[in-house]
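Topology and contacts: notes
In case you want the letters, here they are:
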Amino acid sequence: MPSALHGLTISEARSLLDRREVSARELTQAHLDRIRDIDPRVGAFVSVTPEEALRQADLADAAIARGDAGPLAGIPMQIKDNMCTRGIATTCSSRMLERFVPPYDATVVERLRDRHAVMVGKGNMDEFAMGSSTENSAFFPTRNPWDVHRVPGGSSGGPAAAVASGESVFSLGSDTGGSIRQPASLCGIVGIKPTYGLVSRYGLVAFASSLDQIGPLTKDVTDCAIVLGAIAGSDPRDSTSIPMEPPDYTAALTGDVRGLRIGVPREYYAEGIDPAVADTLRQALAKLESLGAVVEETSLPHTSYALAVYYILAPSEASANLARYDGVKYGYSAQDAGGMWEAMELTKQRGFGPEVKRRIMLGTYALSAGYYDAYYLKAQKVRTLIGREFRDAFQKYDVLVTPTSPTVAFKLGDKVEDPVQMYLSDVCTIPINIAGVPAMSLPAGFVDGLPVGMQIIGRPLGEETILRTAHAYEQATEWHTMRPDL
């Protein structure tokens, strides 16, 4: 059996499985062993499901033997713990849902099961996806595989760390303001936030419904295209789902970007961006230019308002979405109260962590009588302007390129007491969710031994162009082949 099975990409594992050099059960066991050995130091998993994983692996082996195996059959994966998994706890890394076991699968989980992918467990995250460091998990923080004294990013820190450390071949994360791309950047892997509505949100525990989107985290761009093709497509159970059949995204990976027009918004390279990160991105842009792309500076002036808009809109939607956690039908319930209203109050006090409470209060304030027009309504108007600005930019450019994160991974505890500094970690990613357009992060270099991510932004349903650009850059560099030494 080949050694280091935990380091394989989907494509590499597929080749071994199809040639019968390794079985899905052996591949799955190798990843379960890796989780056992490494996860006590990384903390990427809220739960590990060895018995279910090996059962699914046996089903995958049977499908391979029948000649009925697609590209994901037998491939070990992790699912962020805010996506419902039938019969397996879905906690959102919160005390509120610590014992919640869904009776159904999210659509994305269903689609991956149908393709015989093998789930080895659920990924740790910031509670209810609210955070940029995975320090807001109610259970334990996740650590960055490149330096276990630093954060992996958030809120999909568990999924990003699991892929970077070889504990799963790929993961699914969710992205409301950068929660796939920012941890992908800090952990040195690939992550894409698709166009809003391209991937079904049915079975995703809601944070901010007009911003949330599910996407893959993978070791390289080819794997990203494979997983995106498996989970994308219309779903009648999600009213925001785009009615379309997804294309074969792997067909876009031509390696050719000659004549591609790249816009570089100057606002993303200004104050607040680590100069070493900005220099790394300029070198990446020079590489794309050497491959035949046309690179020009441009401007997105409303970018400076995006953070303020996000922290009005997202908490407002969260305050409405999280009102359902009252301890009556499911989740944590305070049993020592004197009456119904006290029970609901105590349930929320004890079930939610500090960051979730902070955002609920922000949102409730913004939606309250006398403040709705001043905050929420105004934020929606500026959201329209930000979206229009992106649409105008894509009249001239095929993609826009920015840093994914303003800094490399920061130390655990550095920003916990300063929410504003923590929120600024997503300053480069938030505008993309507000506009509803797709964007990807991929490795573009290192600063002080820590990964730097390049963000490629596309027009609505422009995933193929993003993937083509990313793949061409990836093939011309070696950053995606580098792995942390754990």
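Up top is the structure these notes are about.
Cut-offs and rules
The numbering scheme is per chain: residues are counted from 1 as the chain's sequence reads. Given that this is a predicted model, residues contribute local features only at a pLDDT of at least 70 and side-chain atom pairs are listed and counted only at 80 or more, while totals for whole chains, interfaces and linings are drawn from all residues. For side-chain calculations, the full set of non-hydrogen atoms in the structure is used, while hydrogens and water are omitted. Put simply, a salt bridge is a Lys or Arg side-chain nitrogen that is within 4 Å of an Asp or Glu carboxyl oxygen. Three exposure classes are used, based on accessible area relative to the maximum for each residue type with a 1.4 Å probe and protein chains only: buried under 20%, partly exposed in between, and exposed over 50%. Put simply, DSSP marks the helices as runs of H or I at least four residues long and the strands as runs of E at least two long, and each gets a number from the N terminus on. Each helix should span, by expectation, one fewer than its residue count multiplied by 1.5 Å. The arc in question is traced by the directions running from the helix axis to the C-beta atoms. Contacts: residue pairs with any heavy atoms within 4.5 Å of one another. Contacts described as polar in this section are N or O atom pairs within 3.5 Å, which, within protein, must combine one atom able to donate a hydrogen with one able to accept it, while residues neighboring in sequence count only if both atoms come from side chains. By the counting rule applied here, Lys and Arg register as positive and Asp and Glu as negative, while His and the ends of each chain are not counted. One requirement defines pairing of two strands: DSSP has to find at least two bridges between them.

**Observations concerning the pattern of salt bridges**
Using the criterion set out here, one finds 25 salt bridges in the structure. Between Asp 235 and Arg 237 there is a salt bridge whose closest N-O contact spans 3.4 Å. What makes Asp 235 buried here is its relative accessible area of 5%. Across the salt bridge formed by Glu 296 and Lys 396, the nearest N and O atoms sit 3.5 Å from each other. Taken together, the positions of Glu 296 in strand β8 (residues 294-298) and Lys 396 in the loop between α12 (373-393) and β9 (399-403) put the pair 100 residues apart, joining distant regions of the chain.

**Focus on helix α8 (residues 275-290)**
Spanning 16 residues, α8 covers 23 Å between terminal C-alpha atoms, matching the ideal 22 Å at 1.5 Å per step. Among all positions in α8, only Val 277, Ala 278, Thr 280, Leu 281, Ala 284, Leu 285 and Leu 288 are buried. Down the axis of α8, the sector holding all buried residues measures 160°, keeping them to one side. Exposed residues pointing more than 90 degrees away from the buried face of α8 are listed as Pro 275, Gln 283 and Ser 290. Buried residues belonging to α8 abut β7 (261-265), β8, β9, β10 (439-447), β11 (450-458) and α15 (463-475). The N-terminus of α8 is capped by Asp 274, whose side-chain oxygen sits 2.8 Å from the backbone nitrogen of Ala 276. After α8 finishes, the residue Gly 292 shows a positive phi value of roughly 110°.

**Looking at the side chain of Glu 167**
Tracing the backbone shows Glu 167 in the loop between α5 (157-164) and β4 (170-175). Buried charge without a partner: Glu 167 forms no salt bridge, and the closest opposite charge is Arg 34, 6.5 Å away. Here Ser 165 takes part through its side chain, which lies 2.7 Å from a polar atom of the side chain of Glu 167. Excluding residues within four positions of it along the chain, Glu 167 makes contact with His 31, Arg 34, Ile 35, Ile 38, Asp 39, Val 42, Ala 44, Phe 45, Val 120, Ala 161 and Ala 162.

**Describing the pairing of strand β5 (residues 190-193)**
Every second residue of β5 is oriented toward a common face, with Val 190 and Ile 192 on one face and Gly 191 and Lys 193 on the other, all of them buried. As judged from the two bridges shared by β5 and strand β6 (residues 213-218), these two strands associate in the antiparallel manner. Opposite Gly 191, over in β6, you have Leu 217 as the bridge partner. Bridge count for β5 against β10 is three bridges, and the pairing is antiparallel. Of the residues in β10, the one forming a bridge with Ile 192 is Met 440.

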